[in-house]
Amino acid sequence: MTEDDWYADGDHDEARREADRVTRLGWKVIAGVTGLLGLGLIAVAVGCVALVVAAAYVVVASHY
């Protein structure tokens, strides 16, 4: 038996590093998608407020 056969943690360490890298990438993707969904929600809310203000303006302007 050679020394590498007896104590071969190099493969495990490499697999752990790869798993850590993929996990970090996954969390970055999750954060990015969450951020984009948040921005989309804010844009929809601003659009709704603008629509309400425009409708109120039309109602008020039609009475004069």
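Residues numbered from 1 in each chain as written. Predicted model: local features only at pLDDT ≥ 70, side-chain atom pairs only at ≥ 80, totals over all residues. Heavy atoms only, no water.

Asks: Help me understand the overall build of the protein chain, please; the structure alone is not making it clear to me.
Replies: Regarding its fold elements, the protein chain presents two helices and zero strands. Residue burial in the protein chain is summarised as follows: out of 64 residues, 0% are buried. (Helix = DSSP H or I, 4+ residues; strand = E, 2+ residues; numbered from the N terminus. Buried < 20%, exposed > 50% of the residue type's maximum accessible area, 1.4 Å probe, protein only.)

Asks: Would you mind showing me how to read the pattern of salt bridges here?
Replies: Once their charged atoms are close, side chains differing in charge can pair, the charge on each being opposite to the other. Scanning the entire structure with this criterion turns up three salt bridges. Close ionic contact of Glu-14 with Arg-17 constitutes a salt bridge, the shortest N to O distance being 3.1 Å. Remark: Arg-17 and Glu-14 occur in helix H2 (residues 10–62); sequence separation between them is three residues, near one turn of the helix. Classification of Glu-14 by relative accessible area gives partly exposed; the value is 44%. (Salt bridge = Lys/Arg side-chain N within 4 Å of Asp/Glu carboxyl O.)

Asks: Can you walk me through a nonpolar patch on the surface in this structure?
Replies: Nonpolar side chains collect at one region of the surface, where Leu-25, Val-29, Val-33 and Leu-37 lie side by side and expose about 380 Å² of accessible area between them. Locating Leu-25 in the fold gives a position in helix H2. (Patch = residues over 30% accessible without salt bridge, like charges linked within 9 Å, V, L, I, M, F, W, Y side chains within 5 Å. Areas by Shrake-Rupley, 256 points an atom, 1.4 Å probe, with all protein chains shown as cover.)

It is worth stressing that arrangement in space is one thing and function is another; only the former is reported here.
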